[in-house]
Amino acid sequence: MKKYDPKTIEPNWQQTWADTKLYAAVTGDTAREKYYMLTEFPYPSGAGLHAGHTREYTLGDVIARHKRMQGFNVLYPMGYDAFGLPTENFAIKHKIRPQDATSQNVEVFRQQFDSLGLSFDWDREVNTTHPDYYRWTQWLFLKFHAAGLAYQAEMPINWCPKEKTGLSNEEVVDGKHERCGTPVEKKLIKQWMLKITAYADRLIEGLKTVDYPSRIADQQVNWIGRSEGAEIDFLVGESGVAPKDSLKFTPELTKLVLDGSKTNTVRLEPKNLQVGDIASLITRLSPTDTQVFAQAKVTKIETMPLGQIPLDLDGHEPFASTDEQLAAYRGYYGDTVGFDTEFTIYYFDSVQPTVTVYTTRPDTLAGATFLVLAPEHAAVAQITTPDQRSQVEAYVKKAQGESEIDRQNTDRTKTGVFTGAYSANPITGAKVPVWIADYVLASYGTGAIMAVPAHDERDFAFAKAFKLDIQQVVSGDDLPAVATGKLINSGQFDGLEGAEAKRAIVKYLEDKGSAKTAVKYKLRDWIFSRQHYWGEPIPIVHCEHCGAVPVPEDQLPITLPDVEHYEPTETGESPLAAITDWVNTACPKCDKPAKRETDTMPNWAGSSWYYLRYMDAHNDQAFASPEALKYWGEVDLYLGGMEHTTLHLLYSRFWHQFFYDQGLVPTPEPYAARRGQGIVLAADGRKMSKSIGNVVNPTDIIASYGADTLRLYILFMAPYDETTPWSEERLAGASRFVWRVWALAQELIEAHAFTRAMKPGPGDAFETEVDRATHKAIKKVHDELGGMRFNTAVSALMEYVNFLSDAKTKARLLEPASAALAWRALNTLVQLLAPITPHMSEELWHQLGYPGSVHVAGWPEYDPELIKDDVVVIVVQVNGKVRANLAMTPDATQSELAEAAKADPNVAKYLQDGQLLKTIVVPRKLVNFVVK
RNA sequence: GCGGAUGUGGUGGAAUGGUAUACACGCUAGUUUUAGGAACUAGUGCCGAAAGGCGUGGAGGUUCGAGUCCUCUCAUCCGCACCA
C-alpha cells in the first residue's frame, strides 16, 4: 500500500500547478462565466502568516476551487498591502531600508501561501509599495483633488512633548505615550482630508444593492450615523437675552467679505473652528447667514482657474450672486495655503454672540433648561464671564487629555463648569444657563447642545449632578422619558406629537430666522495625511505664488527618496520634510522654486482600490483597462475580517462610488457580496499573542500534518464567521480523517484493476444503497459549500467516508463484481474533496489514471431521482411528546399517517384516557395528537 | 458608554417552527505483540431500578409544538476613526 506522505506530494503538486499556470484567470474569456473571489491582502509583517490569515485564505480558496471546478473563469488574486508603521519602525530600529524589510517579508509570505496550496493567480500579484502601483494611487488621489474632495485643514494629532513626535492612536495608552509614559498632547497640524461625508448618504443607500450580512451593513449605517434634526440658534449674554429678530446679512457686509483688500471680514459658524476652516467657511456665505462675525487678515490672494470651484461643506454651490463675487470667491478658495494662518477672531460688539445647537428632538425645545458646549467650542472664551474664567480654563485644559471613548461613557460621573453666561428658551423665555462639559463632543453636530434633562438620559444625569432645572414637556411616566408622546408645558405647541411637533417648532423658529432643519452624520471626513516616510507621497507641490498645485499626471509617480535616514522630525512634520533634495522642486505651473508636500498617505489608500488593479495588474497606461474593468465588474465575493467593516470597507466603497461618478469604473459598488470570517483564538481561549506565546504558526502545522489536514481542520472547526479556539487535538482528528480517506482509496485501488471504461454492475439493492449515499453526498457537499457552511460540508464527507468504510460495505466494495461501483464512489469522493484537500485529491486522481488535474475536471452532479428515499421516519407525538416512530412511504397521505399513528400501541395507550381534540399531520415528518 | 454580535453535552459544534446534541474531540471499557500523536468494537446530556421525567445563559410570552419567533434580562466577545 502506498504510504500517505504529504511532505512529498504537496510540494510536488504545488510545483506542477505553478508550472502549468493551472489557476490563471483569463480576462475576456466569454466561454465561461467569470467569478471574482477576493480575500483581503495581508500586511506583510515580519511574523509571517498567522492563523487568521490561514483561515481567511483557505476559505477563499475552497470557494475559488469549487467555482473553478464548476466551470467558472475564476479570478482569485493576492498581493501585499505593505506601507505602514510597523515596517517603518522596524526599519528605523534595525537601520535598514523599509523597501528591503518589505521584500524580505513578502518572500516569507509567498512561500507560506504556496505551502498552503492556495490557488492564487500569481501573474496578477500587486504590492502597494511598488512605484508601478502607487503611481496609480497618486493618480486617483489627484482625481479627488480635482473634484474638490481633497482639501487641507488644521487637524489635531497626538503629540508626545518629550520625544517631540506625532503618535498614532495605537501608541497612546491611557492618555500616555506607550514607550515613554509622557502624557500625550494634541497638536494642530495642517493635514489633507478626503471629504467622505459628501458620500454619506450614498454609502448608506448603496448597501441596499449589495449582499452584506446585516451585522456588517448595520454597523456601517450606524458608523455613518445619519440623523435628521434642527440647528437652533441661542443668543447668549451675561444676563440672558430674549430671542429677537435675527440680523440680516447686509449687502455692504457681503461686499466687504468678498473684497480682496488686506483685511477681510468673514462669517464664522459658531462651532469649534480651526484656522484651516477659513477657506471652507467663505464658501458658506449666504445672504441669510447671520449674527456672528470674525475677522481674518489675509496676506495674499491667489487666483484659481475657472471651473475648479469646489462645493461647500454641505455639497452646495458656494453663494455668489454676481460675477464679481464669484471672481473674488475664487481668489479666496484658491488660496487655501496662501492665507496667513496668524489671524485673530473677534466678535462685533454690536452683535450678541450666538450659539447654534444641533438637536434631533426639536419637539422637546420647551424642556431645554440649559445649554452645554463642548469645552473646545470656539464661543467658550467669548461668553465666559470674568469670575468663571479660571474654572472654565482649567476644565478646558483637563478635557484636552481625555479620549472621546471615555467622554462618551454615560456611566461616568458627569463633570462640567458653568460659563457664567445665560441664554433664553425660545419658547418659554426662561433663563437658561450655559455650561461646558466633556460629554458634548466638538466633532459632532455643532459642538453644542440644548440640554433637555426630562427627555435625555445624559442631560438628566448632568442636571441631577449640578442641580439644574428639569422640565417635562412630553407626556409620559418616569423621567427621563425618551419616547415620544403629546407635548405639554410647551405653550402653543401643547398637544402636538412626534414628527408633527418637530415640524411645527422648527417652522416657528425658521420664520424668525433662528433655526433650520439639518442632517448630521457621525461620520467625519477622512484625515488623509500621515507624517511618516513609509507611505505614498501625496502628489502636490506647494508654491508661494500658485498655492497647492497638483503634480501633472505625466510626472507620476512621485517616488519616495531612497535615503539613509527617515526618522520622524521634531516638528511633527513628515521625515520627508528634512530631505531637502527631494522637497525642493519647481512649481509645475509657474516653474518657480516650490516645495513638495511631505505628508504621505495612510495605509488605507492603497487598499482602497487594489481589487481593481488585480483586473489588469501590469497596465502602465491606466490603473486598469476599461475592457478588464468591464469584464470582471464587481467582486463577486469579498471575504475579510469583521474588524475592517467601518474603516477599510467603508473607505473602499467611498473611493469606488467616487470613481463611478467620474466614469472611471462601470459599477456603482465594488463588492457584490461581503462576508467576514471569525477570529481564531488560541487554545486557551485568549487572543493569540506573541507576548503570551500562544501563537500557532501555520508553517509548523504544515510541517507535521501537511497542508491538506490543516485546511480540512480550519473548515471543520466552526462556522467560518464564528470566533473559535484553536485545538491541536481536533487538528489530529482531522489528520486521522485524511489518513483514513487515503487508506480507503488505496484499498479500493489495489483491489480493482480500475479502468476508465468500467462496466456498470448488476444494479442490485447494495449498488442502489451505495449510489444513493454517493449522490446524497454530492448534493449535501455542493449545497453546503455553496452556502459557505464548510464545517457541515466536511461532516457530510466524514459521514460518506464512514459509510464507505463500514466493515460490511467495504468488504463488498472490495469484491471484483463491485469494481464499477467502487470506481464511481471513489471518483466522486476525490472530486468532492478536491477543494478542501487539493493535494491528496490530485494525487489520488492521478492514481485513478487521469492525466489532467482534478481541479479543472468538472464538479460531479447528483441524480435527483436516485436520492429519493423509499422510507421516511414519521415522528408521532401526543401533546408534543414523542411516543413513537413510524416507517412510512414518503407519499403516504395525511389520513394514512394519522391512522397508522393511532394504531401504534404506545400511542394508543396515551390516546385512550383522554379526548382527542386535534390532530396535526405534517407529511413526511410528524403526527401530533392533542389530547385533553 | 455607543454600535455590532454570540450564549446548546466535559470540548468545538449540528438542528427548513417538528425526535435537541449530527460530525468531531475528549473520556470509559474491551480487542489487537499496537515503535508512533495508531487501528477496531461498545458506551458516553442530567435524574431515575424502571416507567418516566428534566434539559439549548435567565425570566416571561406566542404556538398543537420553540434552541429557532416576540419582550425583558444577564454574561462574554468584536469595533470605536493615526494598527493593519
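Residues numbered from 1 in each chain as written. Chains lettered and ligands numbered in written order. Predicted model: local features only at pLDDT ≥ 70, side-chain atom pairs only at ≥ 80, totals over all residues. Heavy atoms only, no water.

Participant: Account for the overall build of chain A, with residues named and values stated.
Facilitator: Regarding its fold elements, chain A presents 30 helices and 31 strands. Residues counted as buried form 54% of the 932 residues belonging to chain A. Of the roughly 41200 Å² that chain A leaves accessible, carbon and sulfur atoms contribute 51%. (Helix = DSSP H or I, 4+ residues; strand = E, 2+ residues; numbered from the N terminus. Buried < 20%, exposed > 50% of the residue type's maximum accessible area, 1.4 Å probe, protein only. Areas by Shrake-Rupley, 256 points an atom, 1.4 Å probe, with all protein chains shown as cover.)

Participant: Any chance you could break down the packing of aromatic side chains for me, citing the residues and the numbers?
Facilitator: The full count for this structure, using the stated rule, is 56 aromatic pairs. Between Trp526 and Tyr651, the aromatic rings sit 3.7 Å apart at their centres with planes inclined by 10 degrees, giving stacked as the arrangement. In this pair, Trp526 sits in strand β19 (residues 526-527) while Tyr651 sits in helix α20 (residues 648-661), placing the two residues 125 residues apart along the sequence. Side by side, Trp526 and Tyr651 carry an identical accessibility label, which is buried. Across from the ring centre of Trp17, 5.1 Å away, lies the NZ or CZ of Arg65, which sits over that ring. We note Lys195 situated over the ring of Tyr151; from NZ or CZ to the ring centre the distance is 5.7 Å. (Phe/Tyr/Trp six-rings, centres within 6.5 Å; stacked < 30°, edge-to-face > 60°. Lys NZ or Arg CZ within 6 Å of the ring centre and 35° of its normal.)

Participant: Provide a residue-level description of the side chain of Gln388, including the pertinent values.
Facilitator: Mapping Gln388 onto the fold places it in the loop between α11 (380-383) and α12 (389-400). The residues touching Gln388, leaving out its near neighbours within four places in the chain, are Val417, Phe418, Thr419 and Gly420. (Contact = heavy atoms within 4.5 Å.)

Participant: Now, about helix α25 (residues 790-805): what can you tell me, with residues and values included?
Facilitator: An α-helical segment advances 3.6 residues per turn. Residues three or four places apart therefore align on the same side. With 16 residues, α25 ought to run about 22 Å at 1.5 Å a step, and its terminal C-alpha atoms sit 22 Å apart, in line with that. Where α25 is concerned, the buried positions are Phe790, Asn791, Ala793, Val794, Ala796, Leu797, Met798, Tyr800, Val801, Leu804 and Ser805. In this structure, the buried side of α25 is in contact with α2 (51-69), α22 (707-716), α23 (728-751), α24 (765-786), α26 (807-814) and α27 (819-833). (Expected span 1.5 Å × (residues − 1).)

Participant: Give a description of the pattern of salt bridges that names residues and reports values.
Facilitator: For side chains of opposite charge, pairing can occur when their charged atoms come near one another. In the structure shown here, the tally under the stated rule is 36 salt bridges. Across the pair Arg653 and Glu669 runs a salt bridge, and its minimum N-O distance is 2.9 Å. Taken together, the residues span a long stretch of sequence, with Arg653 in helix α20 and Glu669 in the loop between α20 and β25 (674-677) at a distance of 16 residues. We note that Arg653, like Glu669, is buried. Residues Arg772 and Asp870 are paired through a salt bridge, measuring 3.6 Å at the closest nitrogen-oxygen approach. A residue pair is termed long-range when its members are at least 10 positions apart, and Arg772 in helix α24 and Asp870 in the loop between α28 (838-847) and β28 (872-878) qualify at 98 residues. Since its relative accessible area comes to 17%, Arg772 is described here as buried. Residue classification places Asp870 among the exposed residues on the basis of a relative accessible area of 51%. Counted as one network, the salt bridges with shared partners bring together Asp61, Arg65 and Arg711. (Salt bridge = Lys/Arg side-chain N within 4 Å of Asp/Glu carboxyl O.)

Participant: I'd like to hear about the state of the cysteines, residue by residue, with values.
Facilitator: On inspection of all chains with the given rule, the structure shows zero disulfides. Cys543 forms no disulfide, and the closest cysteine sulfur to it belongs to Cys590, at a distance of 3.6 Å. Looking at Cys543, the relative accessible area reads 5%, which means it is buried. As a non-bridged cysteine, Cys587 has Cys543 as the owner of its nearest cysteine sulfur, 3.6 Å distant. Look at Cys587 and you get buried, because its relative accessible area is 1%. (Disulfide = S-S within 2.5 Å.)

Participant: Any chance you could break down the sheet that holds strand β30 (residues 916-922) for me, citing the residues and the numbers?
Facilitator: One open sheet holds the four strands; their spatial order is β29-β28-β31-β30, and the pairing between them is mixed. Edge strands, defined here as strands with exactly one partner in the open sheet, are β29 (881-888) and β30. Ignoring which end each strand starts from, the neighbouring axes of this sheet average 15 degrees apart. Pairing of β30 with strand β31 (residues 926-931), which is carried by six bridges, proceeds in the antiparallel orientation. (Pairing = 2+ DSSP bridges. Axes fitted to C-alpha atoms, helices over the stretch in contact; angles between N-to-C directions.)

Participant: So what's going on with unusual backbone geometry? Residues and values would help.
Facilitator: Cis rather than trans, the peptide bond between Leu556 and Pro557 has omega equal to 0 degrees. Look at Asp591: it is not a glycine, yet its phi comes out positive at around 70 degrees. Among the secondary structure elements, Asp591 is positioned in the loop between β22 (584-586) and β23 (593-596).

Participant: I'd like a rundown of the side chain of His648, residues and numbers included.
Facilitator: Mapped onto the fold, His648 is located in helix α20. For His648, a relative accessible area of 5% gives the class buried. Engagement of the side chain of His648 in a polar contact is seen with the side chain of Tyr638, the distance being 2.6 Å. For His648, the contacting residues outside a window of four places in its chain are Glu40, Trp604, Ser607, Tyr610, Tyr638 and Tyr671. (Polar contact = N/O pair within 3.5 Å; in protein donor to acceptor, adjacent residues only side chain to side chain.)

Participant: Explain the sheet that holds β25 to me, using residue names and the numbers behind them.
Facilitator: Pairing is parallel across the open sheet formed by four strands, whose spatial order is β2-β1-β24-β25. Strand pairing shows two members of the sheet lacking a second neighbour, β2 (73-75) and β25, which therefore form its edges. Mean inter-strand twist for the sheet, computed between neighbouring axes without regard to direction, equals 20 degrees. One ladder, built from three bridges, connects strand β1 (residues 34-39) with β2; its direction is parallel. Along β2, the bridge assignment pairs Tyr35 with Val74. Relative to the sheet, α2 contacts β1, β2, β24 (637-641) and β25, its axis offset from that of β1 by approximately 175 degrees.

Participant: Account for the protein's contact with RNA strand B, naming residues and giving values.
Facilitator: Within the structure, RNA strand B sits among 70 residues, and Asn169, Tyr705, Met717, Arg736 and Asn928 are positioned closest to it. In the interface set of RNA strand B, defined as its atoms within 4 Å of the protein, sugar plus phosphate atoms amount to 61%. Within the side chain of Asp81, a nitrogen or oxygen atom sits 3.2 Å from a sugar or linking oxygen of RNA strand B. At a separation of 3.0 Å, a phosphate oxygen of RNA strand B approaches a polar side-chain atom of Asn802. Sorting the residues of the surface near RNA strand B by element identifies α7 (214-224), α21 (698-705), α23, α25, β28, β29, β30 and β31 as the ones contributing at least two each. Considering every element that reaches the surface near RNA strand B, the biggest residue donor is α25, with six residues. (Near = heavy atom within 4 Å.)

Participant: Describe the pairing of strand β17 (residues 448-451), naming the residues involved and giving the relevant values.
Facilitator: On β17, burial covers both faces: Ala448 and Met450 on one face and Ile449 and Ala451 on the other are all buried. Pairing between strand β14 (residues 370-373) and β17: four bridges, direction antiparallel. In the strand pairing of β17, Val372 is matched with Ile449.

Participant: Summarise the nonpolar core; cite the residues concerned and give the values.
Facilitator: It is characteristic of soluble globular proteins that their nonpolar side chains tend to be buried jointly. Counting residues in hydrophobic clusters, the biggest one holds 175 residues, and the most contacted among them are Phe113, Phe141, Phe623, Trp655 and Phe659. Per-element tally for this core: the top contributor is α23, with ten residues. Sequence-distant contacts of Phe141, that is, excluding residues within four places in its chain, are made with Ala150, Trp192, Leu194, Phe528, Ile538, Pro539, Ile540 and Met601. (Core = buried A, V, L, I, M, F, W, Y, C linked by side-chain atoms within 4.5 Å.)

Participant: Talk me through α7; I want residue IDs and the actual numbers.
Facilitator: Those residues of α7 lying buried are Ile216, Ala217, Gln220 and Ile224. Down the axis, α7 shows its buried residues gathered within 95 degrees of arc, on one side only. Among the exposed residues of α7, those oriented more than 90 degrees off its buried face are Ser214 and Asn222. Looking at the buried residues of α7, the elements they touch are α6 (200-205), α20 and β25. Positive backbone phi, approximately 60 degrees, marks Gly225, located one or two places after α7. (Arc of directions from axis to C-beta.)

Participant: Describe the pairing of strand β15 (residues 417-424), and please don't skip the residues or the numbers.
Facilitator: With seven of its eight residues buried, β15 lies for the most part within the structure. Pairing analysis gives five bridges linking β15 to strand β16 (residues 431-436), with the strands arranged antiparallel. Bridging from a neighbouring strand, Tyr422 pairs with Pro433 of β16. Hairpin connection of β15 to β16: six residues between the antiparallel strands, including Gly429 at a positive phi of 75 degrees.

Participant: Which residues make up the environment of His50, and what values do they have?
Facilitator: As for its position among the elements, His50 is in the loop between β1 and α2. Among the residues examined, His50 registers a relative accessible area of 39% and is labelled partly exposed. When the C-alpha positions of His50 and Arg389 are compared, they lie 55 Å apart, and in sequence the two are 339 residues distant.

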